[in-house]
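# Architecture and fold: a report
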Amino acid sequence: MSAAIDFDGSVVLVTGGTRGVGRGIAQRFADLGARVAVCARNKVEDLPDDWTYLSADVRAGDAAWAIVDAVVDQFGRLDVLVNNAGGAPPADTTTAPPRFSERVLALNLLAAVYCSQRANYWMQQGDGGSIINISSVSGMRPSPTSAVYSAAKAGLVNFTMTAAMEWAPKVRVNAISVGLIRTEQAHMFYGDAEGIARVSATIPMGRMAVPSDVGDVCLFLASPLAAYVTGANVVAHGGGEPPPYLEAAAP
């Protein structure tokens, strides 16, 4: 079998695909010939002309199902779903309002569940497909000021494993737990350029990830090269974050 990855003619839906990590993922699939659809609550003006934009708030189950249906209606199939929509601003774990926590949980867990359910429905009727859930290393460790977000991401990994077991062999379901990543919102978490540089220096690979790094992992997981990979959680964190005690104990 050839080792080349080619998505020519494949239909790929990326939720939250208009900016940040989602935009980078969508671009990498487009680079390899895929027909790309992206959805978000708000349209941006600089999307490529050959991408399909669909407006939706995937936190609502009916809207999430309708978006997947719309892609199938337009293209006649769905080969790859990337559940990327997510994120949350920092919030104090004690005082975060219930409504805030509900919305964070809905965006970072339930939206992926809803979209995956409907994608699997269509994929099972066709040639099968690949579902990729974008998770975070925050779901694998304590994450102060991100408690609900992190709990949602931990739940997303478990959903990935469970769905993979139920939906095999026609549909493969995998997750990517992403480490520190530099997007247009990096300043919210890492500060100014000097802060980003200091944080980057703590990562074994010497830099934060960029969106295309995550996109490349998606390409692998959606390709025939990963034909026997399902229920996996690929950790893409550049080698990880050194534990704080090492610096604290240093003379």
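In this report, we go over the structure that sits alongside the text.

The rules behind these values
Residues numbered from 1 in each chain as written. Predicted model: local features only at pLDDT ≥ 70, side-chain atom pairs only at ≥ 80, totals over all residues. Heavy atoms only, no water. Helix = DSSP H or I, 4+ residues; strand = E, 2+ residues; numbered from the N terminus. Expected span 1.5 Å × (residues − 1). Buried < 20%, exposed > 50% of the residue type's maximum accessible area, 1.4 Å probe, protein only. Contact = heavy atoms within 4.5 Å. Pairing = 2+ DSSP bridges. Axes fitted to C-alpha atoms, helices over the stretch in contact; angles between N-to-C directions. Salt bridge = Lys/Arg side-chain N within 4 Å of Asp/Glu carboxyl O. 1 Å grid on protein atoms, 1.4 Å probe; cavity = no way out; pocket = protein on both sides within 12 Å on 5 of 7 lines; lining within 4 Å. Points joined across faces, edges and corners; volume = space filled by probe spheres on them. Nonpolar A, V, L, I, M, F, W, Y, C, P; charged D, E, K, R; others polar. Core = buried A, V, L, I, M, F, W, Y, C linked by side-chain atoms within 4.5 Å.

## Describing helix H2 (residues 61-75)
- The end-to-end C-alpha distance of H2 is 22 Å, a good match for the 21 Å that 15 residues give at a rise of 1.5 Å each.
- All of the buried residues along H2 are Ala64, Ile67, Val68, Asp69, Val71, Val72 and Phe75.
- Where H2 is buried, its residues contact strand S1 (11-15), strand S2 (35-40), strand S3 (52-55) and helix H3 (98-125).

## Comments concerning the sheet that holds strand S5 (residues 129-136)
- Across the sheet, which stays open at both edges, the seven strands sit in the order S3-S2-S1-S4-S5-S6-S7 with parallel pairing between neighbours. Looking at strand neighbours, the two that pair on one side only are S3 and strand S7 (233-236), the edges of this open sheet. Within this sheet the neighbouring strands show an average axis-to-axis angle of 20°, counted without direction.
- Relative to S2, S1 is paired through five bridges, and the arrangement is parallel. Across the sheet, the residue bridging to Val12 is Val36, located in S2.
- Its contacts with the sheet place H3 against S1, strand S4 (80-83), S5 and strand S6 (171-178), and it is angled at close to 175° to S4.
- Packing of helix H4 (residues 147-167) onto the sheet brings it into contact with S5, S6 and S7, and relative to S5 it is tilted by some 160°.

## Describing the pattern of salt bridges
- With the rule as written, the count across this model stands at 10 salt bridges.
- In this structure, the salt-bridge partner of Arg99 is Glu102, at a minimum N-O distance of 3.6 Å. Of this pair, Arg99 and Glu102 both sit in helix H3, three residues apart, roughly one helical turn.
- Judged by its relative accessible area of 47%, Glu102 falls in the partly exposed class.
- When salt bridges that share partners are traced, they join Arg28, Asp31 and Asp216 into one network.

## Considerations on the layout of surface pockets
- One number sums up the size of the second largest pocket: a volume of about 630 Å³.
- Lining the second largest pocket are 23 residues; nearest its centre among them are Leu180, Ile203, Gly240, Glu241 and Pro242.
- Listed by contribution, the elements that provide at least two residues to the lining of the second largest pocket are helix H7 (211-222) and helix H8 (244-249).
- Per-element tally for the lining of the second largest pocket: the top contributor is H7, with three residues.
- Split by residue class, the lining of the second largest pocket holds 13 nonpolar, five polar and five charged.

## A closer look at H7
- The end-to-end C-alpha distance of H7 is 17 Å, a good match for the 16 Å that 12 residues give at a rise of 1.5 Å each.
- Of all the residues in H7, the buried ones are Pro211, Val214, Gly215, Val217, Cys218, Leu219, Leu221 and Ala222.
- Where H7 is buried, its residues meet helix H1 (20-31), S4, S5, S6 and S7.

## Digging into the nonpolar core
- With 33 residues, the main nonpolar core has Leu13, Val58, Val71, Leu78 and Ile131 as its most contacted residues.
- Every element with two or more residues in this core is listed here: S1, S2, H2, H3, H4 and S6.
- Per element, the largest residue contribution to this core is eight residues, and it comes from H3.
- Not counting residues up to four positions away in its chain, the partners in contact with Val71 are Val11, Leu13, Ala37, Leu54, Gly76, Arg77 and Leu78.

## Some remarks on the environment of Asp69
- Tracing the backbone through its elements, the reader meets Asp69 in helix H2.
- Classification of Asp69 by relative accessible area gives buried; the value is 18%.
- Put simply, Asp69 and Val82 are 13 residues apart on the chain and 15 Å apart in space, counted from C-alpha to C-alpha.
- Discounting residues that sit within four places of it in the chain, Asp69 has contacts with Arg118 and Trp122.

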